[in-house]
Amino acid sequence: SQQGEEDPQALSIQEGENATMNCSYKTSINNLQWYRQNSGRGLVHLILIRSNEREKHSGRLRVTLDTSKKSSSLLITASRAADTASYFCATDARTSYDKVIFGPGTSLSVIP
Amino acid sequence: NAGVTQTPKFQVLKTGQSMTLQCAQDMNHEYMSWYRQDPGMGLRLIHYSVGAGITDQGEVPNGYNVSRSTTEDFPLRLLSAAPSQTSVYFCASSMGTNEETQYFGPGTRLLVL
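Residues numbered from 1 in each chain as written. Chains lettered and ligands numbered in written order. Predicted model: local features only at pLDDT ≥ 70, side-chain atom pairs only at ≥ 80, totals over all residues. Heavy atoms only, no water.

K.L.:
Looking at this model, I keep getting lost on the interface of chain A and chain B. Mind explaining?
P.N.:
Opposite the 23 residues of chain A that make contact, chain B presents 25 residues. At the junction of chain A and chain B, the tally comes to zero salt bridges. Of all elements in the fold, only β4 (29-37), β5 (43-50), β9 (85-93) and β10 (100-102) of chain A reach the threshold of two or more residues within the side of chain A that touches chain B. (Contact = heavy atoms within 4.5 Å. Salt bridge = Lys/Arg side-chain N within 4 Å of Asp/Glu carboxyl O. Helix = DSSP H or I, 4+ residues; strand = E, 2+ residues; numbered from the N terminus.)

K.L.:
What is the right way to read the state of the cysteines from this model?
P.N.:
The bond known as a disulfide is covalent and runs between the sulfur atoms of two cysteines. All told, the structure shown has two disulfides over all chains when counted by the stated rule. Shown here is the disulfide that connects C23 of chain A with C89 of chain A, its sulfur atoms set 2.0 Å apart. Note on the C23 of chain A and C89 of chain A pair: the S-S dihedral is about 65 degrees, so by sign convention the disulfide is right-handed. Here the residue C23 of chain A occupies a position in strand β3 (residues 19-25), and C89 of chain A occupies one in strand β9, the gap between them amounting to 66 residues. Across this residue pair, the class does not change: C23 of chain A and C89 of chain A are buried. Through a disulfide, C23 of chain B is tied to C91 of chain B; the S-S separation comes to 1.8 Å. Taking the sign of the torsion about the S-S bond as the criterion, the disulfide between C23 of chain B and C91 of chain B, at about -70 degrees, is left-handed. On the criterion of sequence distance, the pair formed by C23 of chain B in strand β3 (residues 19-25) and C91 of chain B in strand β9 (residues 87-94) is long-range, its members being 68 residues apart. Each member of the pair, C23 of chain B as well as C91 of chain B, is classed as buried. (Disulfide = S-S within 2.5 Å. Buried < 20%, exposed > 50% of the residue type's maximum accessible area, 1.4 Å probe, protein only.)

Here's what the structure looks like:
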């Protein structure tokens, strides 16, 4: 089973609104990352939050991490049409493996 | 720096054929990995490498082989292609282990008939 699962699967909002995506995971982690994928492209790293951090900001992005609930959220404020993409969370399973596991993603559509 | 490059961009194979997907990075990254992306499934880890000469299996390794003879290159081999291997394949690299940002290649679209 997958380590990370995003919610919702798809999200459609108007330009200027905020978009919130959630990620839940199953096992203890060292860190959690969020990536963006534009249609037909490779993934681009957005932000990394470590297990001892609770909140992190980068421009219009705000990421929170709640290790007690094994969940993270990605907030995009004042969304733009260019934010239309799929967003993935990725976690490392705190095992002997150096694996990074991705969730199925949230497809965000920002309507101009 | 070119970053992470993948070739080919698109490939059509017949069932049973073999091929190698190439991946190269010029950032001197130790950690490299291969993922496949299927609709609604996110990215699934096929194989990964923590350095030259060291490889290990990910979530879905069956039907794929890898080797890491140099730091720069991490080819993925399909020995006998099957329709179930129709997917988009991404190679990624990072400086160190899983605590580092991964840099992704543009992907290879593979269609197995």
